[in-house]
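Given next are the chains, with one letter for each unit.
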Amino acid sequence: MMNLAVYAELKAREGPTPSKATGISDGHVVTPGVDISHGAILYLDSVSVSFDGFNALNDLSLVVDAGELRCVIGPNGAGKTTMMDVITGKTRPDAGTAYFGQTIDLTRLSEPEIAGIGIGRKFQKPTVFTDHTVFENLELARKADKRVWPTLTAKLDSAAYDRILANLETIHLAPEAKRQAGLLSHGQKQWLEIGMLLMQEPQLLLLDEPVAGMTDDETMRSAELFLSLAGKYTLVVVEHDMDFVAKIADRVTVLHEGHVLAEGSMQQVQRNEQVIEVFLGR
Amino acid sequence: MNGLMRSCVRALGAALLALFAGAAAAALPADVVSALAFGDGDERAQAIGKLVAGGDAAALPLLQALIDGDVQTVGEDRVLIVKGDAATDAVTGAAVSPLPASRDDVVVNNRLRRTLGTAIAAFKLASPDRAVRLAAAKELQNSADEDALPAIVAAAAKEQDAEVKGLLVQTQASIQLASTDRATRLAAVRVLAGSDSGATKTLLAGIVQKKDGKFVESDEEIRAEAQRSLAAVEGRLAKGDIAARVFSGISLGTILLLAALGLAITYGLMGVINMAHGELIMVGAYATYVVQNLFRQHLPGAFDWYLLFAVPVAFAVSGATGVLLERAVIRHLYGRPLETLLATWGLSLILIQAMRTVFGAQNVQVENPAWMSGGVEIMTNVVLPYSRIVIVAFAGGVLLAVSLLLTRTRLGLFVRAVTQNRGMASALGVRTPKVDMMAFGLGSGIAGLAGCALSQIGNVGPDLGQSYIVDSFMVVVLGGVGQLAGTVYAALGLGIANKFLEAWQGAVLAKIAVLVFIIVFIQKRPQGLFALKGRTVEA
Amino acid sequence: MRNMPAMTPTFVPRTGNTGTGALPRLWSPRAWGILGAAAVVLLVVVPVCNLVVPAGSAFHLSDYTVTLVGKIMCYAIVALAMDLIWGYAGILSLGHGLFFALGGYAMGMYLMRSIGRDGVYKSDLPDFMVFLDWKAYPWFWSFTDHFWYAALLVVLVPGVLAFVFGYFAFRSRIKGVYFSIITQALTYAFMLLFFRNDTGFGGNNGFTDFKRILGFPITAPETRVALFMLTAAALIGFLCLGRAIVTSKLGRVLTAIRDAESRVMFSGYDPLGFKLFVWTLSAVICGIAGALYVPQVGIINPSEMSPANSIEIAIWTAVGGRGTLIGPVVGAAVVNLGKSWFTQALPEYWLYVLGLLFILVTLYLPRGIAGLWARKPS
Ligand SMILES: Nc1ncnc2c1ncn2[C@@H]1O[C@H](COP(=O)(O)OP(=O)(O)OP(=O)(O)O)[C@@H](O)[C@H]1O
Ligand SMILES: [Mg+2]
């Protein structure tokens, strides 16, 4: 369990919690599994990860409030993807803890279990099921009983069918529904992967460079989408595109060499001396 | 033993004593020789005694010929030693030619054979050549009984060489165990503690055992002493046993190492699953076979050195075959391991059948050069064959050469660069296809060297490679991908483990146990063995 | 806010058989037609042509042909099982010959005990046990004189072995070639084990000289045809089962695991269970094929477990076209008909042909014969 003193200190440093979060906690985001009674949905406390002696994450602490849209920026190799790996159970931290809500220790769960309790993840390199159609991709991602027997006997009811169609509209892929996902363009695959995440109905979405490879127009549309999702879901977005970040972020966390360098609004972060030095100033 | 034999041997013992006392040399007396050839058992034994007493070195060939069945008689009086077409007169030693047409064999029965053996050994104990004396002492260790005791005691007293003397003293002790004098027996039991022969162990175990609830040996002190000596002997024997097993484990390990070293490059570094690797080994073995035949036909005088020539040829032939396979098939399949696996399996079938077509389905004979036959004896019962020692050294040399090649040369640098980051290497101007080809050729060439080594210790046939492929893949899997050190440890470890398990449960179960171990091991350390580093994992 | 607006559907998606799963929708009407025709040929025409049509007639099918086709149908079942795990889930097993052989041995035990006292030594024990001077059956032979128990073993032995092995292998995420190599080692280990006389399965001679099955003489034409029909029914049954699986959502998850396993995991499916399901099922199907094979060919020995045999199964599937259901059946038939022709006419060339098949198919025909066929219409 996270040391509460550390949490209090972090909170104090960050200033007041945005009001959105408190508005959420009594809303429909609350599911039986996740206890967000303290307003935050994700706690990373002094997480360290090293690969063959190289510290990819170095005493990283991060708290994300429920309903927040958090952007994480940082130079290449800062550890952004590794941080997501830790949250989703792909990489086990060498030290430190990762909690989902107040009670769920993420370091003890497997990847499918973490996905099952409501954390969805988009990979840096878009990853979809290339041999399946766009529709089937969404169908497979859809929230359902994902154990073996129920999957064998699963049937697609009309409610689910409608949801998939609605989702197709959201991600602008309705005309491509019958195409093989492997034939989509890079940007379309990005959209499809986001669509698959939405089908999972997660509480927390981790998006690793979601607009890489999208046209300006598409980037605008994703910005709109993410803003519309914030509040209803919690989003953690990793991006290199600063304009995009400036557009969507409530709060920005700057990672550098596996450590949080600064955190605050985009303006605050942009004024930070250290940040200018290592990242923005380049 | 019956009384007659006993008396004969006793006479012999006395005669031996005389021999060591330095009896003057004399020509072989004709009557003794004729008694030896024509007499009955009793007379013959006595004749042997007289010959030994005479102490003439000329008697030794006669006794040896007798035991070899080379002594023949002509008529009623002449005795000849006949070896092939050449014959000498047993008495005079003069050559006899032409060979008389009608001759009779002198038949030696088992009892006389034994007497002869001891006599010959005793004769040899007087030899100035240490090796001859050592061999004789060993012979006596297994065959001598109380009648030979005086001769052994005398020889031991005169002997200067520590090893021969030790053997004689122990033989003496084991005979003295039967003595009626308690002090002699006690001393004998103590002396035996220094022995390292299995016979001594049996002897001592006999003293301490119980029969029908009673100790065979009633004297408690002797029993305690025997127990102590027994423990010492057993300890020494067990050590020899372990040493032998470790060596055969190392030997198997180096063979696995040779077989796996090429794989460590093609599979470990390049990531190519080459199921035809075993067949490249087989090609190397056949290359050795062909070189051997060429030497036999055209340079029989230099036959002993054919291997020096066969090693580079095997490397070149297998290497070239490998390059051919790489160019024709494998390069089209980089990055598709499962397809590579199937296609190279197809290649292996073709290579096997090609060898059958060319050389026939039967195993062919590859002969060791003379200097590789035989072995060194490091302890009693522990003989290390030269061929195996040479292969261990050879594997060490190959390993050294490969690691130098990879770490110290441009090719090695390129290979490592290409395997770590193909795109970057090619951006830096490395011609990656050529490096792939060379690296694959190198791995295949090493397989050829393995084949050359294998041809020296086992059968060479079209199926040779099949029996090594599973083992060598296991070595690479266990040792980890992309490193030579792991391959070395895994090969030696598997080799030794296999030999020890083999002694415990038999060869097949040993093999199965090793396979099960590997499967379990992989459960525990899959990431350590197979982890692909960096971002390739994500997708 | 554009919060996932509900829109009217603009298309009807092709999602395979996601719906009712009812039998008629399993195949397209045309496929049902072909399947029905095949069933009629195998279950009616062949038996009649073999048993009823007199030997001189042009329509007579020889015993040799019937046995050959029966054998090939067993191979086709194995290739189908291989396709489920390799073609759909992307896991190449080089140990499927083991499961086939284990099913065969389980059936073989029953057949050996059915010999009764008609063996060479006129003993209650099989000849090889008499030869080894054994006095009683080892414990694992108990109850094998009951057909149903043996039939249970046919399913359970390969099934349990595959389940246990698969559990450990998949749990530690052994994939790709590593899995292939380990399965090869597994079958190799079993081959060594079964070659030993002490293991209790007849050593390198295995089981042979069967006399009867369920009381019927095993070499009688009627028994032979009955076994043939049983095999044909099994093949058709497994085709339908395979179709039901690959068109279910589970089938799509399997393909998804093949194409992007990490996405599957992060979507909330645990690949372990899915892999284990299809792996174990595949092994069981192989075991059943082996059990059908042994009474038809009359022999089972450890060479069935040799790595070479298992890898050949992969080539049947590859030649026919993996990832399709009809492909492996066609592939098994083509390769094995070729094999039986070559081994009679040009025995020394068969390995060249087989080797070339491996190479050419992987290089130039990755989708197999079925791929050729599928390409033409489009
Ligand atoms: N499995 C791994 N083994 C070894 N090193 C790794 C591994 N995964 C990541 N790293 C290293 O850890 C560091 C952080 O990597 P990470 O992918 O988290 O960076 P990032 O912030 O996502 O960078 P980018 O903006 O380029 O995506 C990098 O230096 C990377 O090389
Ligand atoms: Mg990243």
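Rules of the game
Sequence order as written defines the numbering, with residues in each chain counted from 1. Following the order in which they are written, the chains are lettered starting with A and the ligands numbered starting with 1. Only residues with pLDDT of at least 70 get local features here, since the model is predicted, and only at 80 or more are side-chain atom pairs given and counted; chain-wide, interface and lining totals rely on the full set of residues. Note that water and hydrogens are dropped before the side-chain values are worked out from all heavy atoms of the structure. By the criteria applied, helices consist of DSSP H or I runs no shorter than four residues and strands consist of E runs no shorter than two, each listed in order from the N terminus. A simple rule labels every residue: compare its accessible area, found with a 1.4 Å probe on the protein chains alone, to the largest value its type can have, and call it buried under 20%, exposed over 50%, or partly exposed in between. Any two residues having at least one pair of non-hydrogen atoms within 4.5 Å are treated as being in contact. Only the protein chains shown count as covering a residue, and every accessible area follows the Shrake-Rupley method with a 1.4 Å probe. Nearness of a residue to a molecule or strand requires only that one of the residue's heavy atoms be within 4 Å of it. Here a polar contact is recorded for every N or O atom pair within 3.5 Å, except that within protein the pair must consist of a potential hydrogen donor and a potential acceptor, and residues adjacent in sequence are included only if both atoms are side-chain atoms. Three classes are used, and their members are as follows: Ala, Val, Leu, Ile, Met, Phe, Trp, Tyr, Cys and Pro are nonpolar, Asp, Glu, Lys and Arg are charged, and the others, Gly among them, are polar. Two parts lose some accessible area (1.4 Å probe) when they are put together, and adding that loss for both gives the buried area. By convention in these notes, a salt bridge is any Lys or Arg side-chain nitrogen within 4 Å of a carboxyl oxygen on Asp or Glu. Only N, O and S atoms count as donors, using a 2.8 Å cut-off from the metal and 3.2 Å for Na, K and Ca, and because water is excluded some sites may appear unfinished. Expected span of a helix, by definition, is 1.5 Å for each gap between consecutive residues, and there is one gap fewer than residues. The score called pLDDT rates the predictor's confidence residue by residue, from a low of 0 to a high of 100. Where a domain begins and ends is set by an automatic assignment or by a domain database. Definition used in this section: a nonpolar core is a set of buried Ala, Val, Leu, Ile, Met, Phe, Trp, Tyr and Cys residues joined via side-chain atoms within 4.5 Å. Aromatic contacts are taken between Phe, Tyr and Trp rings whose centres are within 6.5 Å, Trp giving its six-membered ring; a plane angle under 30 degrees counts as stacked, one over 60 as edge-to-face, and the others as tilted. By definition, being over a ring means that NZ of Lys or CZ of Arg is both within 6 Å of the ring centre and within 35 degrees of the ring normal. One requirement defines pairing of two strands: DSSP has to find at least two bridges between them. Axes, fitted as lines to C-alpha atoms, cover a helix only where it is in contact. Angles between the N-to-C directions of the axes lie from 0 to 180 degrees.

Turning our eyes to something else, we now look at the overall build of chain B. Per the secondary structure count, chain B includes 22 helices and 9 strands. Buried residues in chain B amount to 48% of all 539 residues. Sequence separation of 24 or more characterises 69% of the internal contacts of chain B that already satisfy a separation of 6 or more. A total accessible area of about 24,400 Å² is found for chain B, and carbon and sulfur atoms account for 59% of it.

In this section: the site of ligand 1. As a matter of local geometry, ligand 1 sits amid 15 residues, with Asn76, Lys80, Thr81, Thr82 and His240 of chain A nearest to it. Residue neighbours of ligand 1 fall on chains A and B, so the site bridges chains. Contacts to ligand 1 include Asn76 of chain A, whose side-chain N or O atom sits 2.8 Å from an oxygen atom. One of the side-chain N or O atoms of His240 of chain A is found 2.8 Å from an oxygen atom in ligand 1. With the chains in place, 80% of the 630 Å² that ligand 1 exposes on its own is no longer accessible. Taken together, the elements giving at least two residues each to the shell around ligand 1 come down to β2 (54–65) and α3 (80–87) of chain A. Counting residues per element, the shell around ligand 1 draws most heavily on α3 of chain A, which supplies 3 residues. Of the residues contributing to the shell around ligand 1, the split by class is 4 nonpolar, 8 polar and 3 charged.

A few words now on the interface of chain A and chain C. Each partner contributes residues to the interface: chain A has 50 residues there, and chain C has 42 residues. Between chain A and chain C, a total of about 4,100 Å² is buried, with carbon and sulfur atoms accounting for 64% of that surface. Between chain A and chain C we count 4 salt bridges in total. Of the charged contacts, one joins Arg263 of chain C and Glu193 of chain A as a salt bridge, the two residues approaching to 2.3 Å between their closest N and O atoms. Where chain A meets chain C, there are 10 residue pairs in polar contact (both at pLDDT 80 or more). Among the elements of the structure, α4 (111–116), β6 (119–122), α5 (134–141), α6 (148–153), α7 (158–170), α8 (186–199) and α9 (216–229) of chain A are those that each provide at least two residues to the side of chain A that touches chain C.

Each protein donor to the magnesium ion (ligand 2) is listed here as Thr81 of chain A (OG1) and Gln124 of chain A (OE1); together their distances run 1.9 to 2.2 Å. Taken together, the residues span a long stretch of sequence, with Thr81 of chain A in helix α3 and Gln124 of chain A in the loop between β6 and α5 at a distance of 43 residues.

Moving on: the interface of chain B and chain C. The interface of chain B with chain C comprises 41 residues on the first partner and 38 residues on the second. Here chain B and chain C share an interface that buries about 3,600 Å² over both sides, 79% of which is from carbon and sulfur atoms. Here chain B and chain C share 1 salt bridge between them. With its nearest N and O atoms 3.1 Å apart, the salt bridge here joins Arg322 of chain C to Glu339 of chain B. For the pair chain B and chain C, the interface holds 6 residue pairs in polar contact (both at pLDDT 80 or more). Among the elements that take part in the side of chain B that touches chain C, helix α14 (residues 337–359) of chain B stands out by supplying 15 residues, more than any other. Tallied by class, residues from the side of chain B that touches chain C come to 30 nonpolar, 6 polar and 5 charged.

Taking 1.5 Å of rise per residue, the 22 residues of helix α20 (residues 484–505) of chain B would be expected to cover 32 Å, and the 31 Å separating its terminal C-alpha atoms lies within 8% of that figure. Within the span of α20 of chain B, buried status applies to Leu484, Gly486, Thr487, Val488, Ala490, Ala491, Leu494, Gly495, Asn498 and Lys499 of chain B.

Moving on, we get to the confidence of the model for chain B. Residues and elements named next belong to chain B. Scored by pLDDT, chain B comes out at a mean of 79, with 89% of its residues at no less than 70. The lowest-confidence element of chain B is helix α22 (residues 526–530), averaging 47 in pLDDT; the highest-confidence one is helix α13 (residues 306–328), averaging 95. In this model, residues 17–26 is a region of pLDDT below 50 whose contacts with residues beyond four sequence positions or in other chains number 19 contacts. With pLDDT under 50 throughout, residues 527–539 is counted as low confidence; its partners more than four residues away or in other chains account for 23 contacts. The ipTM assigned to the predicted complex is 0.87, against a pTM of 0.78.

Taken domain by domain, chain B holds domain 1 (20–112), domain 2 (125–218) and domain 3 (240–470). Measuring from the centre of the C-alpha atoms in domain 2 of chain B to the corresponding centre in domain 3 of chain B gives 50 Å.

This next bit is on the nonpolar core. Residues Leu168, Leu192, Phe226 and Leu235 of chain A together with Phe207 of chain C are the most contacted members of the largest nonpolar core, which totals 268 residues. Once you skip the residues sitting within four places of it in the chain, Phe207 of chain C turns out to touch Tyr105, Gly108, Met109, Met112, Phe128, Trp141, Phe201, Gly202, Gly298, Ile299 and Ile300 of chain C.

We now examine the packing of aromatic side chains. In this structure the tally under the stated criterion is 42 aromatic pairs over all chains. Look at Tyr105 of chain C and Phe201 of chain C: their rings are 5.8 Å apart centre to centre, the planes differ by 70°, and that puts the pair in the edge-to-face class. You can see Tyr105 of chain C sitting in helix α3 (residues 96–114) and its partner Phe201 of chain C sitting in the loop between α6 (176–195) and β1 (207–208), a full 96 residues away along the chain. The same class applies to Tyr105 of chain C and to Phe201 of chain C, which are both buried. Between Phe201 of chain C and Phe207 of chain C the ring centres are 6.3 Å apart and the planes differ by 50°, which places this aromatic pair in the tilted class. With relative accessibility at 0%, the residue Phe207 of chain C sits in the buried group. Cation over ring: Arg121 of chain A sits above Phe266 of chain C, and NZ or CZ is 5.4 Å from the ring centre. The ring of Tyr137 of chain C is capped by Arg113 of chain C, whose NZ or CZ atom sits 3.9 Å from the centre of that ring.

Glancing now at unusual backbone geometry. Only a minority of non-glycine residues have a phi that is not negative, and only a minority of peptide bonds are not trans. If you check the backbone angles, Ser46 of chain A has positive phi at about 45° while not being a glycine. Tracing the sequence through the fold places Ser46 of chain A in strand β1 (residues 40–51). Even without being glycine, Leu214 of chain C reaches a positive phi, approximately 50°. Relative to the helices and strands, Leu214 of chain C resides in the loop between β2 (212–213) and β3 (216–217).

Moving on, we come to the sheet that holds β2 of chain A. Residue and element names in this part refer to chain A. Taken in spatial order, the 4 strands line up as β2-β1-β4-β5 in an open sheet, and their pairing is antiparallel. Two strands bound the open sheet, and with one partner strand each, they are β2 and β5 (104–105). Strands in contact with α3 are β1, β2 and β4 (95–100); relative to β1, the strand with the most contacts, it is inclined by about 115°.

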